[in-house]
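Chains, contacts and geometry: an overview
Below are the chains, spelled out letter by letter.
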Amino acid sequence: MDLKSLIREIPDFPKPGIIFRDITTLLAHPKGLAATLERLVEKCHPLQPDMVLGMESRGFMFGVPVAHHLGAGFVPVRKPGKLPAQTYSAEYDLEYGTDRLEMHCDAFSPGSRVLIIDDLIATGGTAQATANLVERAGGELVGFAFVVELRDLGGRSKLPDVPVVTLLEY
């Protein structure tokens, strides 16, 4: 199945000159969604994670079913103030400023094999910050998985030297 054909391209969003890759059309297509999850599971299975971390919010949509099919647990990585227990936090750069992500300090046991998953990697800031959270919690980062990679933005170069799984590249 051609997954790219299921992703809508919206020109000039969120600003002129940008082509937004809208995955909502992929999510709404039952066979496309199933194929996406099957391919992620197949490519991530060799990494043998104990835990899958997904970043708010689209990382949740892919992370939970992938974790389930891999027999792993799932950990939500959230924006500040959304998690009730003690958290680790990591700041990352945005185009105009910074943002922060948080994860519960007891989200997994030290030494756990951790896979980070999100819908898209662009500049790599969100994924890099999440990798920092894994390190602070004592996890072993075994890889990253993304549905879409925007290669020209160079996000992969910011990531630690672990396997990076992507299904589609632009």
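Residues numbered from 1 in each chain as written. Predicted model: local features only at pLDDT ≥ 70, side-chain atom pairs only at ≥ 80, totals over all residues. Heavy atoms only, no water.

Looking now at the environment of Arg58. Topologically, Arg58 is positioned in helix H3 (residues 58-70). For Arg58, a relative accessible area of 39% puts it in the partly exposed group. Spatially, the C-alpha atoms of Arg58 and Ser157 are 22 Å apart, while their sequence positions differ by 99 residues. Once you skip the residues sitting within four places of it in the chain, Arg58 turns out to touch Ile23, Asp118 and Asp119. At 2.6 Å, the side chain of Arg58 forms a polar contact with the side chain of Asp119. (Helix = DSSP H or I, 4+ residues; strand = E, 2+ residues; numbered from the N terminus. Buried < 20%, exposed > 50% of the residue type's maximum accessible area, 1.4 Å probe, protein only. Contact = heavy atoms within 4.5 Å. Polar contact = N/O pair within 3.5 Å; in protein donor to acceptor, adjacent residues only side chain to side chain.)

Before going further, it helps to examine the pairing of strand S8 (residues 140-149). Taken across its ten residues, S8 has nine buried, putting it largely inside the fold. Relative to S8, strand S7 (residues 113-121) is paired through eight bridges, and the arrangement is parallel. Among the inter-strand pairings, Leu115 is bridged to a residue of S8, identified as Gly143. In the classification by handedness, the crossover that spans S7, the intervening helix H4 (residues 125-136) and the parallel S8 is right-handed. (Pairing = 2+ DSSP bridges. Right-handed = clockwise from strand over helix to strand, strands pointing away.)

So, on to the pattern of salt bridges. For the structure on display, the rule yields ten salt bridges. Between Asp99 and Lys79 there is a salt bridge whose closest N-O contact spans 3.0 Å. In this pair, Asp99 sits in strand S6 (residues 97-104) while Lys79 sits in the loop between strand S4 (73-77) and strand S5 (87-94), placing the two residues 20 residues apart along the sequence. For Lys79, a relative accessible area of 26% puts it in the partly exposed group. Linking Arg156 and Glu149 is a salt bridge whose minimum nitrogen-to-oxygen distance equals 2.8 Å. Take Arg156: its relative accessible area is 31%, and that puts it in the partly exposed class. Here the salt bridges do not stand alone but share partners, grouping Glu149, Arg151, Arg156 and Glu169 into one network. (Salt bridge = Lys/Arg side-chain N within 4 Å of Asp/Glu carboxyl O.)

Now for the sheet that holds strand S3 (residues 51-55). Across a sheet, paired strands are connected by hydrogen bonds in the backbone, their directions being either parallel or antiparallel. With parallel pairing, five strands are arranged side by side in an open sheet as S4-S3-S7-S8-S9. Looking at the sheet topology across the chains shown, the edges are occupied by S4 and strand S9 (164-169). When strand polarity is set aside, the average angle formed by the axes of neighbouring strands in this sheet is 20 degrees. Sheet analysis places S3 next to S7, joined by four bridges and oriented parallel. Within the sheet, the bridge partner assigned to Gly54 lies in S7 and is Ile117. (Axes fitted to C-alpha atoms, helices over the stretch in contact; angles between N-to-C directions.)

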